[in-house]
Amino acid sequence: MKKLIALLMAMAMAFSLVACGSSSQSSTDTEDTTTTEASTTEEETTDDAEETDTTEETSTADISGSVSTNGSTSMEKVMSILIEAFEEQYPNVTVTYDATGSGSGITAATEGSADIGLASRDLKEDETGLTAYVVALDGIAVIVNPSNGVEDLSLEQIAGLFNGTITNWSEVGGEDMEVAVIGREAGSGTRDGFESVVGVEDACVYDQELTSTGAVITAVAQNQYAIGYASLSEAAEDESVKMVTVDGVAASEETVKDGTYSIQRDFNMVVNDSAALSDAAQAFLDFCLSEDVADYISQAGAIQP
């Protein structure tokens with residue numbers, strides 16, 4: 001009897017050991033499988049991340065070609081700095097800028113001779129089939145010769161000086177000197193912007209009509225009786241002329257942005273609605289309208305809207 005009991009106990013112990021061994025092996029196999037699966041998932045995630053990084057790094061390099069822009073001479077500084085910054089990020093794209101005036105830029109966009117037209121004024125009612133994107137704001141400074149003692153003019157006085165109802169500086173607190181009115185040529189965005197704000201469209205009496213902002217600044221600088229207008233971004237950096245305040249408000253980045261300086265206009269990029277932009281042209285337009293270019297626009301003397 002004792003032998004039988006001992007035999008049964010030995011068999012029970014052996015069975016218990018076999019069961020424990022099987023359970024331990026099963027647990028080990030499960031852990032190994034879980035570890036392997038986790039490792040594989042991690043490797044796949046890493047590979048996906050590496051592929052994503054590579055895609056981001058090569059996206060700008062994948063875009064190539066040329067972009068032609070045409071239009072406003074007042075936008076020269078803004079365009080120059082934006083083009084330089086863009087081409088650094090998109091090394092396979094070349095952007096050209098032809099400073100021909102706002103009217104010509106709008107025509108170029110309409111006819112398709114340029115990818116993007118540039119206009120320092122808003123589109124007119126009859127300029128249809130186009131979309132204008134505001135890339136920057138710019139004040140239009142009223143400039144006089146530094147020897148002129150007049151420091152401030154009201155909007156009404158400015159209108160009188162340009163439409164010929166005021167012909168002598170003594171009428172606005174200056175010396176007894178005949179006024180010489182200098183302005184831009186017909187079709188200029190600066191001229192259109194200035195005349196529309198001041199309320200003298202098609203009523204100005206010009207002694208000289210010049211084809212660029214720089215030419216107007218030079219003419220006023222050389223004539224002590226002259227008055228003219230110029231892009232703030234150009235006039236602010238040129239000590240050869242003096243900017244007068246308008247109704248007591250000086251033209252500056254702050255007063256243009258907050259709207260207290262009244263003579264201001266938009267810098268627009270104009271595209272043809274019926275013609276799709278190339279990848280390169282679309283990339284350039286998107287770049288110029290992004291928040292990332294605020295510092296570049298400020299460096300050019302303009303203001304991001």
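Numbering of residues begins from 1 in every chain and follows the order in which that chain's sequence is written. Where local features are concerned, this predicted model is filtered to residues with pLDDT of at least 70; where side-chain atom pairs are given and counted, the filter is 80 or more; whole-chain, interface and lining totals use all residues. The side-chain numbers reported here are obtained from all heavy atoms of the structure, hydrogens and water having been left aside.

1. Quick notes on the packing of helix 2 (residues 76–89) against helix 9 (residues 279–289)
Relative to each other, helix 2 and helix 9 sit at 120 degrees, their axes nearing to 10 Å. If you check the angle between helix 2 and helix 9, you find them oblique. Crossing of helix 2 against helix 9: the hand is right-handed. Contacts between helix 2 and helix 9 involve Met79, Leu82, Ile83, Ala85, Phe86 and Gln89 from the former and Ala280, Ala283, Phe284, Phe287 and Cys288 from the latter. As a working rule, the residues Ala, Val, Leu, Ile, Met, Phe, Trp, Tyr, Cys and Pro are called nonpolar, Asp, Glu, Lys and Arg charged, and the rest polar, with Gly in that last group. Considered class by class, the residues forming the contact of helix 2 with helix 9 number 10 nonpolar, 1 polar and no charged. Convention adopted: a line fitted to C-alpha atoms gives each axis, helices being fitted over their contacting stretch, and angles between N-to-C directions are expressed from 0 to 180 degrees. We count a stretch as a helix when DSSP gives it H or I for four or more residues in a row; a strand needs E for two or more, and each element gets its number in order from the N terminus. Throughout this description, any angle smaller than 35 degrees is read as roughly parallel, any larger than 145 degrees as roughly antiparallel, any in the 65 to 115 degree range as roughly perpendicular, and the remainder as oblique. By convention, the crossing between two helices is left-handed when the near helix turns anticlockwise from the far helix through less than a right angle, and right-handed when the turn is clockwise. Throughout, a contact is declared for two residues whenever any of their heavy atoms are within 4.5 Å.

2. Details of the side chain of Ser233
Tracing the backbone through its elements, the reader meets Ser233 in helix 7 (residues 232–235). Whether a residue is buried, partly exposed or exposed follows from its accessible area with a 1.4 Å probe, protein chains only, as a fraction of its type maximum: under 20%, in between, or over 50%, in that order. Of the residues examined, Ser233 reaches a relative accessible area of 2% and is grouped as buried. Pairing of N or O atoms within 3.5 Å defines a polar contact, subject to two protein rules: one partner must be a possible hydrogen donor and the other a possible acceptor, and residues neighboring in sequence count only if both atoms are side-chain atoms. Here Ser231 takes part through its side chain, which lies 2.7 Å from a polar atom of the side chain of Ser233. Sequence-distant contacts of Ser233, defined by excluding residues within four places in its chain, comprise Ser74, Lys77, Asp138, Ala300, Gly301 and Ala302.

3. Quick look at helix 6 (residues 213–221)
All of the buried residues along helix 6 are Thr213, Val216, Ile217, Ala219 and Val220. Buried residues of helix 6, viewed axially, fall in a sector of 165 degrees; they line one side. Buried positions along helix 6 lie against strand 4 (130–144), strand 6 (180–184), helix 5 (189–198), strand 7 (208–210), strand 8 (226–231) and helix 7. Here the arc refers to the set of directions running from the helix axis out to each C-beta atom.

4. A look at the side chain of Thr255
The residue Thr255 is located in helix 8 (residues 253–257) in this model. Relative accessible area serves as the criterion here: at 13%, Thr255 is assigned to the buried category. In this structure, Thr255 is in contact with Val249, Ala250, Thr260, Tyr261 and Gln264, ignoring residues within four places of it in sequence.

5. Let's talk about the environment of Ile263
Relative to the helices and strands, Ile263 resides in the loop between helix 8 and strand 11 (264–272). By relative accessible area, which is 0% here, Ile263 ends up buried. Between the C-alpha atoms of Ile263 and Val197, which are 66 residues apart in sequence, the distance is 6.1 Å. Setting aside its immediate chain neighbours within four residues, Ile263 contacts Gly139, Ile140, Val142, Leu155, Ile158, Phe194, Val197, Val198 and Val246.

6. Observations concerning helix 3 (residues 102–111)
When helix 3 is considered as a whole, its buried residues turn out to be Ser102, Gly105, Ile106, Ala108 and Ala109. Around the axis of helix 3, the buried residues are gathered within 155 degrees of arc, so they sit on the same side. Structurally, helix 3 contributes buried residues whose contacts are with strand 1 (65–71), strand 3 (116–119), strand 4, helix 5 and strand 11.

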